[in-house]
Every structure is written in C-alpha cells, then in structure tokens.
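Analysis of the macromolecular model
Listed below, chain by chain, are the residues.
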Amino acid sequence: MSDRFSAGARVRTVHHDPPHHTRLPRYARGKRGTVVEPEGRALLADRNAQGRGDAPLEQVYAVSFPARELWGEGDHDVVLDLFESYLEDDDPGDRAEAAAAPGTSRAQTGGKDGKP
Amino acid sequence: MARINDVGGLQGFGPIDTADDTEPFHADWEARVFALNSALIAGKVYNLDEFRDAIESMAPADYLAASYYERWFFAIRTLLERKGVIEAGELDV
Amino acid sequence: MTGGHTDADISRRVRRLETLLEDRGIVAGAALDETLDAFLSGASPANGARVVARAWTDADFRTRLLADGTSAVAELGLSAGGVQPQRLRVVENTPDTHNVVVCTLCSCYPVRLLGPSPSWYKSEAYRSRVVREPRAVLEEFGVRLPDATRITVWDSTSETRYMVLPMRPSGTSHLDEPALARLVPRNALIGTAVL
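Note that the structure is predicted; figures quoted are calculated from it, not measured.

To continue, consider the interface of chain A and chain B. Taken residue by residue, the interface counts 16 residues in chain A and 13 residues in chain B. Considering only the surface of chain A that becomes buried against chain B, His21, Arg26 and Ala49 of chain A emerge as the three largest contributors, covering 42% of it. Scanning the region where chain A abuts chain B turns up one salt bridge. Between Arg29 of chain A and Asp6 of chain B there is a salt bridge whose closest N-O contact spans 4.0 Å. At the boundary of chain A with chain B, the tally comes to four residue pairs in polar contact (both at pLDDT 80 or more). Residues of the side of chain A that touches chain B, tallied by class, amount to seven nonpolar, five polar and four charged.

Pasting the structure below:
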C-alpha cells in the first residue's frame, strides 16, 4: 500500500457533511492546502467511532492551509491532521481558475514560508 | 451541519481566561471519571473514537453548560448503556 | 447536562458506577488507583522542558527531535502519553516563524510532556479563536510577535501530538541543561509564551 500523496502535494479537502463523527472540522471542508508530510496510518475515526471493528487503516497527512483560504483573510497558516479519504487531488485546471480570480491566495501555499 | 464540539472559527466565546490553572482535577469524582475512562478504553469496552463521538452527540446547550469532566461522565454513561453494560437509571439510586 | 445537579449528586453517581463496574468484573479499583498515580506522577511540564533543554545543548539530539519526535523523546524514557500510542511532532520556533498548538475538536494534548492541560486549553474561547486570529489570542497571553513573524497554528485533529520547541533566550550560554530546563514554562511548549 503506497501513500496517495507526498510532501508538497496540492490537495483539496472533501466538502462533506457526514451525519456521524468525523475529524475534518467544518472550517477546513472544501479547502485547498499543501501536504506537509504523511504521519502514519490510523483507523479511520469516522468508522471506528461506530464501534463495529471494521474501520480501515488509512494514512493520515499533516496538511497546511493559508488563513486566506480558510477565512478569506489573515496571514497565518493552519495545519490539520487529515485522513487520506478526506483529501482529493487539487485539480490543476481548478487551480488555474482560482489563481486568476482576484482575492484568492493560492500564491501563498507551498512558498518558502508555506510550511516547515 | 456540524456538531457542537466543532468550534474552530466560531464567534462569540469572548476573551480567554489565561489563568494558569494546573490542577488536574477539581474534585475527587473527576479523578475517578478519568481513571474509569482509561480503564474502559484499555479494556476495549469502547474505543477513543466512540468516546469522542459520545461527547459530541450531546445536545449543544448541554455540551456548552457542562464542565469538562461532566462531558466525560455523560459519554461514559451513554456508551455503557448503549452496550448494555449498565441500564438506564441504574446510577440514580 | 447536569440539570442543576450538585457536585454531590455527580459524586454519588460516579461512585455507584465504579461499584457496579467492579461488581461486574469490568474494572478493578486497584487498577484505577494505579492509573491515576501513574498519570499524576508521570505527566509533567518538567518532562517537556527537559526535552527542550537537551535540544538546546545537543545539536544532534535537536536534529533527531525535529525529524522524529516520538523516537527522540523515547531516548529520554518519555512519550507523548495518552490512553493509546501517539506520534509526537516537535515544531521549532525561529526568528521568522512561531508555532502554536490547539485541538479545535476536543482537547488533544501531549499530556506526559506538558502535564495536565490548563483549563484555557480546553475552553471554547481558545479552541474557536486561535485558528482564526492567533495574533489576537497570543496578545491576550501577553505575547506580541513582530509583524514579519509567520504564525503556524497546529490543530491536532488525529493521533499526532504537537510540542513547540521555543527559541533559546540570549544570555544563557553559561547555563547547564537542568538550569535551562527551569527557564521553560509550560505555555512555551504550547506556543502561548515566548522566552
């Protein structure tokens, strides 16, 4: 089993709204970020919380988001630990569109200050 | 929709009380709740994700009104009742 | 949730629960006491401070600590702690970057290295605001960072626990490791204090 994403990968969190436990906070849903590093595998919390013993082991990634992506303003970054199934490839086509749109902050991700 | 525990970015909680309160427990029952929860997870009666899920499932007004270990005790009772280890009302004697 | 119940009510219910679980062979009172003793004696911010002082005085250890916190603190007989194994990630403050740690969804925290968490760390006020306006939050702790300092907020949403490696204060080159450790307050390990 190889990791789907490596450090520096551009990802987008799923825009889900599950009727159960999840470790993807609402403020980081549907947001674009950059993978800092894989952290190791853990039982998918969404399933493990249901107590049936059938939760899959999934890679967890530290993913960094610029404040402007999360809040529309701000000059800090927020890093969250996210299960692989919370993440999708950030489509380059979408990214070009976003970069062209005024007021977006794509240029801030992954730069020299992007992440340790 | 999200659950009441998911407070990142939520407005209105006011300034932070930065007092350096380092007492681990403020009453003996809090210590017992802490130890019970550790033992129940270690004994695989439930897992940590189920425990978090049970806390998050509190009614929002109750969650906000409850102290930290009151939330824990609520979650322990919820899970033990759900799993048939104790019955509802059994603690109310 | 307590519906106006007093501390005495909860206290009675907790005792009742403990008795029921002991009678049913699910927990043992002696084991609970041991768990508590281990927690109270093993979890201390002095542990985290010791790790920091070692990193300040031993460059190779510092490199190992930043690359793999879990293994590096195990060299000192330490771990992040908690009811199940947790990965430790140490994040380093520099003149350009400041790190601060939170758990917005609950209250995850490397308890063995930082000691029992302070009430403010578990508060909705801290959890809701530090991801949104870290500069304002840090100012409430008396921390004013230069405008040019980039802040990273680490929201522990899985089983990694974070600890901040603060910058070593100037004028401390004469101090040995135990003396350096005494300079490190718990909040510096969370990122809500600087030295």
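Here seven strands make up an open sheet; going across it, the order is β5(A)-β1(A)-β2(A)-β3(A)-β4(A)-β3(C)-β2(C) and the pairing mixed. If you trace the sheet from one side to the other, it starts and ends with β5 (87-89) of chain A together with β2 (97-102) of chain C, each paired once. Within the sheet, the average angular offset between the axes of one strand and its neighbour, ignoring direction, is 35°. For β2 of chain C and strand β3 (residues 150-155) of chain C, the ladder comprises six bridges, and the chain directions are parallel. Residue pairing in the sheet places Thr97 of chain C in a bridge with Arg150 of chain C of β3 of chain C.

For the rest of this paragraph, the subject is the domain arrangement of chain C. Where the parts come together, the accessible area they lose is often given as the size of the interface. By domain assignment, chain C separates into domain 1 (7-41) and domain 2 (44-190). Of note, the centres of domain 1 of chain C and domain 2 of chain C, computed from C-alpha atoms alone, are 32 Å apart.

The final tally for this structure, using the stated rule, is zero disulfides over all chains. Looking at the unpaired Cys106 of chain C, the closest cysteine sulfur is the one in Cys103 of chain C, lying at 3.5 Å.

Glancing now at the side chain of His98 of chain C. The residue His98 of chain C is located in strand β2 in this model. One polar contact links the side chain of His98 of chain C to the main-chain carbonyl oxygen of Gly191 of chain C, over a distance of 2.8 Å.

Looking now at helix α4 (residues 68-82) of chain B. All names here are of chain B. With 15 residues, α4 ought to run about 21 Å at 1.5 Å a step, and its terminal C-alpha atoms sit 22 Å apart, in line with that. Turning to α4, its buried residues are Tyr69, Glu70, Arg71, Trp72, Phe73, Ala75, Ile76, Arg77, Leu79 and Leu80. Gly84 sits one or two residues past α4 and shows a positive phi near 75°.

What follows is about the interface of chain B and chain C. In this assembly, 54 residues from chain B lie in contact with 51 residues from chain C. When the two sides are added together, the surface that chain B and chain C hide from each other amounts to roughly 4500 Å², 65% of it contributed by carbon and sulfur. Counting the surface chain B buries against chain C, the share from its top three residues, Ile16, Trp29 and Arg32 of chain B, is 15%. Taken together, chain B and chain C are joined by seven salt bridges. Linking Arg32 of chain B and Glu18 of chain C is a salt bridge whose minimum nitrogen-to-oxygen distance equals 2.7 Å. The set of elements that each furnish at least two residues to the side of chain B that touches chain C consists of α1 (28-42), α2 (48-56), α3 (60-65) and α4 of chain B. If one sorts the elements of the side of chain B that touches chain C by residue count, α1 of chain B sits on top with eleven residues. For the side of chain B that touches chain C, the class distribution of residues is 34 nonpolar, eight polar and twelve charged.

Rules behind the numbers
- Residues numbered from 1 in each chain as written.
- Chains lettered and ligands numbered in written order.
- Predicted model: local features only at pLDDT ≥ 70, side-chain atom pairs only at ≥ 80, totals over all residues.
- Heavy atoms only, no water.
- Contact = heavy atoms within 4.5 Å.
- Buried area = accessible area lost by both parts, 1.4 Å probe.
- Salt bridge = Lys/Arg side-chain N within 4 Å of Asp/Glu carboxyl O.
- Polar contact = N/O pair within 3.5 Å; in protein donor to acceptor, adjacent residues only side chain to side chain.
- Nonpolar A, V, L, I, M, F, W, Y, C, P; charged D, E, K, R; others polar.
- Pairing = 2+ DSSP bridges.
- Helix = DSSP H or I, 4+ residues; strand = E, 2+ residues; numbered from the N terminus.
- Axes fitted to C-alpha atoms, helices over the stretch in contact; angles between N-to-C directions.
- Domains from an automatic or database assignment.
- Disulfide = S-S within 2.5 Å.
- Expected span 1.5 Å × (residues − 1).
- Buried < 20%, exposed > 50% of the residue type's maximum accessible area, 1.4 Å probe, protein only.

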